[in-house]
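Fold and contact review
So the chains spell out like this:
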Amino acid sequence: MPEAVIDIHDVHKTYRRRIKALRGVSVRVERGQIVGLLGPNGAGKSTLVKILMTVVRPSRASGTVLGHAVGHKPTLRRVGYLPEHHRFPPYLTGGQVLDFYAALAGVDRSTRRVRAAELLEIVGMTEWKDTCISEYSKGMMQRVGLAQSLVNDPDLVLLDEPTDGVDPIGRRDIRDVLNRMREDGKTVLLNSHLLSELELVGCDHVLIMHQGQIRVEGSIDELTHDSRRYELVIVGDVPDWANAQPEIDVRPTAMNEPGMSMLVVSGTEASSIQPLIDRLRADARTIVRVQARRDSLEELFMRSVINRETGQVDAPGAYTGNGGGA
């Protein structure tokens, strides 16, 4: 079995007034993975991250981080952390922030100066390294925050909403940094409410939390496998023979395009839809487009969380409508 960087079990946290933030959470994260942590506000995501960083004390927990008990001080030096809503001293420049936090992490002076320059270049902040933090935008603060989490060259990085307030170009740059970290063998636990961002990063594993519990977990491919399908949009109404075939599902098009119809066939193999295409062509039907589709993370999230709240629980991978690129 691959080495576990995070391997915690039965984590509970009850705050005052008996607010149960975590209810028996167990998480295993393997080396070199990017793991996405999803969930609505109040699901317990940030509490879990803070417990791993010993910012919050659990009511009950067992397991290890980087092979040692949670809270082992020498091990924390090998962990990078970007908290949500982080704040830096406003009178420091971007370069001074990195130097300061690297010193706190025990990085020697010559190394941290070189490291700070490299990281500012990576996050696109070299031009602003001598500008005070007080003059930074939210996106610039996030970029420097990400650099700060890497100053000690950590083996494990915990990022709490790293793209919050960052413009599209900045989010792309952060994705590039995350993928570089994975290539270098580092492990990232990424807490974000931007589901499309996690999908673009290409998370190796996804955890969906709700009401202090992990409701769904697995790779994106595993969780969306049963929803994979082909959608064929044609001009005109659906042929009678297509309506009569149980393996063909008739749905409105994504934009409810007038004069168009959509036929949906479950499966991952392109060969499965060739007979349908041949039959439509034989009927002189105009095929507007053929697309391979699967549920998006947003659809997976909504099915796992929202439907549980309403009492309507769909089977994993059930087709829920038009959406989700392949």
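Quick caveat: nothing in here was measured; it's all calculated off a predicted structure.

1. A few points about the overall build of the protein chain
A count of helical and extended segments in the protein chain gives eleven helices and 14 strands. Projecting the C-alpha coordinates of the protein chain onto the three principal axes gives extents of approximately 75 × 45 × 40 Å. Within the protein chain, the fraction of its 326 residues that count as buried is 47%. Within the protein chain, counting contacts between residues at least 6 apart in sequence, those at least 24 apart form 71% of the total. Of the side chains in the protein chain, 41 bear a positive and 43 a negative charge, and the two mean positions are spaced by 9 Å.

2. Some words on the packing of aromatic side chains
Summed over the entire model, instances satisfying the criterion amount to two aromatic pairs. Between F88 and Y101, the ring centres sit 5.4 Å apart and the planes meet at 65°, which makes this aromatic pair edge-to-face. One end of the pair, F88, is in the loop between β6 (79–82) and α3 (94–104); the other, Y101, is in helix α3, and 13 residues separate them in sequence. A relative accessible area of 8% means that F88 is categorised as buried. We classify Y101 as partly exposed; its relative accessible area is 22%.

3. Describing the confidence of the model for the protein chain
Averaged over the protein chain, the pLDDT score is 86; the fraction of residues at 70 or greater is 93%. Below a pLDDT of 50 lies the segment residues 310–326, which in the model reaches 50 contacts outside its immediate sequence neighbourhood of four places, other chains included.

4. Describing helix α4 (residues 109–122)
The end-to-end C-alpha distance of α4, which contains 14 residues, comes to 20 Å, matching closely the 20 Å that a straight helix rising 1.5 Å per residue would cover. Contacts from the buried residues of α4 go to α3 and α5 (138–148). Looking one or two residues beyond α4, the residue adopting positive phi is G124, at roughly 70°.

5. Some remarks on the layout of surface pockets
If a probe as big as a water molecule is rolled over the atoms, it shows which places are left empty. Put simply, the largest pocket is a space of about 360 Å³. Contributing to the lining of the largest pocket are 14 residues, with L76, V79, Y101, A105 and Q148 lying nearest its centre. Where the lining of the largest pocket is concerned, the elements lending two or more residues are α2 (73–76), β6 and α3. Per-element tally for the lining of the largest pocket: the top contributor is β6, with three residues. Of the residues that constitute the lining of the largest pocket, the class distribution is eight nonpolar, four polar and two charged. Every residue lining the second largest pocket is counted, 15 residues in all, and those nearest its centre are N41, G42, G44, K45 and S46. Counting only elements with at least two residues in the lining of the second largest pocket, the list comes to β2 (19–30) and α1 (45–52).

6. Section: the pairing of strand β4 (residues 60–65)
Of the strand pairs in this sheet, strand β1 (residues 4–15) and β4 are connected by five bridges, and their pairing is antiparallel. Pairing of I8 across the sheet is with G63, part of β4. Sheet topology places β4 next to strand β5 (residues 68–69); two bridges connect them, and they run antiparallel. Directly across from V65, in β5, lies its bridge partner H68. Count of turn residues in the β4/β5 antiparallel hairpin: two residues, of which L66 carries a positive phi of about 55°.

7. Overview of the pattern of salt bridges
Applying the stated criterion across every chain, the model contains 19 salt bridges. Across the pair D99 and R112 runs a salt bridge whose closest N-O atoms are separated by 2.9 Å. Residue D99 is located in helix α3, and its partner R112 is located in helix α4; the two are separated by 13 residues in the primary sequence. For R112, a relative accessible area of 12% translates into the label buried. A salt bridge links E199 to R294; its shortest N-O distance comes to 2.7 Å. One end of the pair, E199, is in helix α7 (residues 195–201); the other, R294, is in the loop between β14 (287–293) and α11 (297–310), and 95 residues separate them in sequence. What makes E199 partly exposed here is its relative accessible area of 22%. Linked by salt bridges that have partners in common, R229, E231, R293 and D295 make up one network.

8. Digging into the side chain of K13
Note on placement: K13 falls in strand β1. One buried charged residue, K13, remains without a salt bridge, the closest side chain of opposite sign being D10 at 15 Å. The residues contacting K13, other than those within four sequence positions of it, are I19, K20, A21, L22, T47, I51, V56, R57, P58 and S59.

Reading the values: rules and limits
- Residues numbered from 1 in each chain as written.
- Predicted model: local features only at pLDDT ≥ 70, side-chain atom pairs only at ≥ 80, totals over all residues.
- Heavy atoms only, no water.
- Helix = DSSP H or I, 4+ residues; strand = E, 2+ residues; numbered from the N terminus.
- Buried < 20%, exposed > 50% of the residue type's maximum accessible area, 1.4 Å probe, protein only.
- Contact = heavy atoms within 4.5 Å.
- Lys, Arg positive; Asp, Glu negative; His and termini not counted.
- Charge placed at Lys NZ, Arg CZ, Asp CG, Glu CD.
- Phe/Tyr/Trp six-rings, centres within 6.5 Å; stacked < 30°, edge-to-face > 60°.
- pLDDT = per-residue confidence, 0-100.
- Expected span 1.5 Å × (residues − 1).
- 1 Å grid on protein atoms, 1.4 Å probe; cavity = no way out; pocket = protein on both sides within 12 Å on 5 of 7 lines; lining within 4 Å.
- Points joined across faces, edges and corners; volume = space filled by probe spheres on them.
- Nonpolar A, V, L, I, M, F, W, Y, C, P; charged D, E, K, R; others polar.
- Pairing = 2+ DSSP bridges.
- Salt bridge = Lys/Arg side-chain N within 4 Å of Asp/Glu carboxyl O.

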